[in-house]
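These are the residues of each chain, in order.
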Amino acid sequence: MVSFLTSILGYVISFSAGYFFYKLLACFLQTRKSILLRLGGWYLLMVSLTMPALPNDPVNITLTMPVFLIGLILAYAESRIVWISTALIFYPIMVAYNYMWYDFTGRIFFRFFAEYGESANKICSTLSFASVPLFWYFVWRAYGKRLERITRFLDKKSWILLDVICLASLASVFVSIYYTPEETYKVYPCMIASIVTGIGCLLLATYLAERIRTEQERRKLQLQHDYYGELERNQTQIRKLRHDMNNHLAAVGGLLEQEKTEEALEYLHGLYEHMQTGSRQFCTNSIVNALLNLKYNAAVEAEIDTFFHIGIDGMTEIDDISLCTLFANSLDNAIEACRKITDKEKRRLSLKARYSESGYFSLEISNSKINPVSEKQGSFMTDKDNQKMHGLGIASMEEIVERYKGTIDIQYTEESFTVVILISF
């Protein structure tokens, strides 16, 4: 009877620990759509969480780590860097806590209850992990809300920084268990430090994400400021043109009376160019529309034959700053390449972006060019003098596309350069 009850209690403890840990990770990781994959991942995570970490026993912790990582991959649809970073942050916390609590309760058992036999051993072994679900419940309630933004805003460099910090904790935990001294409690400070480091990394991740979000908001406000400034300049220009309209009409009328038709048409064409406003309606998103206006006007001023076809209304899956970064970097590169073409008749730029109700976003930008394209280890190199300050546009785009689990395809010839981005939600 005791064996049956302890088994039931053990299952309840394991289930609870797996549930709270799964909920914690779901605060910032995207769960799989497949229920079977989520269940499989949850089961492996549950097994990992309740695996005893014993002194001088490298087998458990060595075999548990790949199981833990596979559980993450099955349960959550994220990139490789996020899977690895999550494992490096949480695995040392998990092992360190299990080691200390199991070792501590084991000491209590052998000191006070060893004489009561096998039943007492089973009860103590089961109860020794009763605090595991409570620990992960506390972490979930304390930090879950803070973690919601980290995968949305953290870039690859930020994840790598966290990985470097957590590698020290991982190595410390492994070495402590591989070579535990006879007085097992002497490695408790090391285990506590690993737990504190892991939780500190979680807080650091939230801090970095908040800083990046704040910077993106600042850039967003700057785009709005630039847009409304340009809108005001265009309105001022239109008011001036309206004020001078009588003079313009008189000038055109005089040319026509003198039968100078070509000169009159040329005058009207120039007048039309001056009256073109920069507040074109490319899309209903005011922030993205502001950026597209700025880049469109820059292309026109550079005497580039420019074509924009934008159909992204209703898309909310990509945040404004990421979307602006995709447009800005691709258009900046295209405009810069076109400016290098001395024959202005050959300057061409085409931008097409579309969002479908079925959940697909596509972006295609194509431009003419004459400058050679250089690649090094799969990365495109700039031909500008300052290599450190330039050539990062495509890398930034690739990072955003990877974050949204899309694909980016780059094709080029001697006369053209084309970037195609596809993202499915």
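Quick caveat: nothing in here was measured; it's all calculated off a predicted structure.

Following the criterion strictly, the structure yields seven salt bridges and no others. Notably, a salt bridge pairs E183 with K186, separated by 3.7 Å at the nearest N-O pair. Owing to a relative accessible area of 31%, E183 belongs among the partly exposed residues under this scheme. As a salt-bridge pair, R213 and E210 come within 2.5 Å of each other at their nearest N and O atoms.

Its identity is not glycine, yet N56 carries a phi of approximately 55 degrees, on the positive side. Mapped onto the elements, N56 comes out in the loop between α2 (35-49) and α3 (58-75). Positioned with a positive phi, E303 is a non-glycine residue whose angle comes to about 60 degrees. Following the sequence through the fold, E303 ends up in the loop between α12 (286-301) and β1 (305-311). Its relative accessible area of 45% is what places E303 among the partly exposed residues.

Secondary-structure assignment places K145 in the loop between α6 (131-143) and α7 (150-153). Since its relative accessible area comes to 68%, K145 is described here as exposed. Note: C-alpha distance between K145 and C27 (118 residues apart in sequence) is 6.9 Å.

A regular strand places its side chains so that they alternate between the two faces of the sheet. The alternating pattern of β1 places T306, F308 and I310 on a buried face, while none of D305, F307, H309 and G311, on the opposite face, is buried. Inspection of the sheet shows β1 paired to strand β2 (residues 348-356) by seven bridges, in the parallel sense. The residue of β2 that forms the bridge with F307 is S350. Assessed by its sense of winding, the connection that carries the chain from β1 through helix α13 (residues 320-339) to β2 is left-handed.

Between its terminal C-alpha atoms α12 stretches 22 Å, which fits the 22 Å expected from 16 residues at 1.5 Å a residue. Along α12, the positions that sit buried rather than exposed are I287, V288, N289, A290, L291, L292, N293, K295, Y296, N297 and A299. For α12, the N-terminal cap is N285; the gap from its side-chain oxygen to the backbone nitrogen of V288 is 3.2 Å. Immediately beyond the C-terminal end of α12, within one or two residues, lies E303, with a positive phi of roughly 60 degrees.

Take S368: it is sitting in strand β3 (residues 360-368). Take S368: its relative accessible area is 4%, and that puts it in the buried class. A distance of 2.8 Å separates the side chain of S368 from the backbone oxygen of K346, its partner in a polar contact. From its side chain, S368 meets the backbone nitrogen of R348 in a polar contact 3.0 Å long. Setting aside residues no more than four positions away along its own chain, S368 makes contact with A337, C338, I341, K346, R347, R348, E415 and S416.

Relative to each other, α2 and α3 sit at 155 degrees, their axes nearing to 7 Å. In terms of orientation, α2 and α3 fall into the roughly antiparallel class. Here α2 runs over α3; the crossing is left-handed. On the side of α2, the interface is formed by L37, R38, G40, G41, W42, L44, L45 and S48, while α3 contributes T64, V67, F68, I70, G71, L72, L74 and A75. Of the residues in the contact of α2 with α3, the class split is ten nonpolar, five polar and one charged.

Take the confidence of the model for the chain next. Low-confidence regions, as indicated by low pLDDT, have predicted coordinates that should not be scrutinised in detail. Of the residues in the chain, 82% reach a pLDDT of 70 or more, and the chain-wide mean stands at 82. Contacts from residues 385-391, a stretch scored under 50 in pLDDT, to residues over four places away or in other chains number six contacts.

This brings us to the sheet that holds β2. Across the sheet, five strands lie side by side as β1-β2-β3-β7-β6; this open sheet has mixed pairing. Edge positions in the sheet fall to β1 and β6 (407-412), since each has one partner strand and no second. Here the average twist between neighbouring strands, direction ignored, is 5 degrees. In the packing of α12 onto the sheet, contacts are made with β1 and β2, and the angle to β1 comes to roughly 165 degrees. Relative to β6, helix α14 (residues 393-403) is tilted by about 150 degrees, and along the sheet it contacts β6 and β7 (416-424).

The next subject is the nonpolar core. With 63 residues, the main nonpolar core has F21, L25, F68, Y76, F90 and W136 as its most contacted residues. Counting residues per element, the ones that place at least two in this core are α1 (2-26), α2, α3, α4 (80-113), α6, α7, α8 (156-178) and α9 (188-243). Per-element tally for this core: the top contributor is α4, with 15 residues. Grouped together as the second largest cluster of nonpolar side chains are 41 residues, F308, A353, L363 and I365 included.

What follows deals with α3. Spanning 18 residues, α3 covers 26 Å between terminal C-alpha atoms, matching the ideal 26 Å at 1.5 Å per step. Those residues of α3 that sit buried are N60, I61, T64, F68, G71, L72 and A75. Near the N-terminus of α3, the side chain that reaches the backbone nitrogen of V59, with its oxygen 3.3 Å away, is that of D57.

Thresholds, definitions, all that
- Residues numbered from 1 in each chain as written.
- Predicted model: local features only at pLDDT ≥ 70, side-chain atom pairs only at ≥ 80, totals over all residues.
- Heavy atoms only, no water.
- Salt bridge = Lys/Arg side-chain N within 4 Å of Asp/Glu carboxyl O.
- Buried < 20%, exposed > 50% of the residue type's maximum accessible area, 1.4 Å probe, protein only.
- Helix = DSSP H or I, 4+ residues; strand = E, 2+ residues; numbered from the N terminus.
- Pairing = 2+ DSSP bridges.
- Right-handed = clockwise from strand over helix to strand, strands pointing away.
- Expected span 1.5 Å × (residues − 1).
- Polar contact = N/O pair within 3.5 Å; in protein donor to acceptor, adjacent residues only side chain to side chain.
- Contact = heavy atoms within 4.5 Å.
- Axes fitted to C-alpha atoms, helices over the stretch in contact; angles between N-to-C directions.
- Parallel < 35°, antiparallel > 145°, perpendicular 65-115°, else oblique.
- Left-handed = near helix turned anticlockwise from the far one by under 90°.
- Nonpolar A, V, L, I, M, F, W, Y, C, P; charged D, E, K, R; others polar.
- pLDDT = per-residue confidence, 0-100.
- Core = buried A, V, L, I, M, F, W, Y, C linked by side-chain atoms within 4.5 Å.

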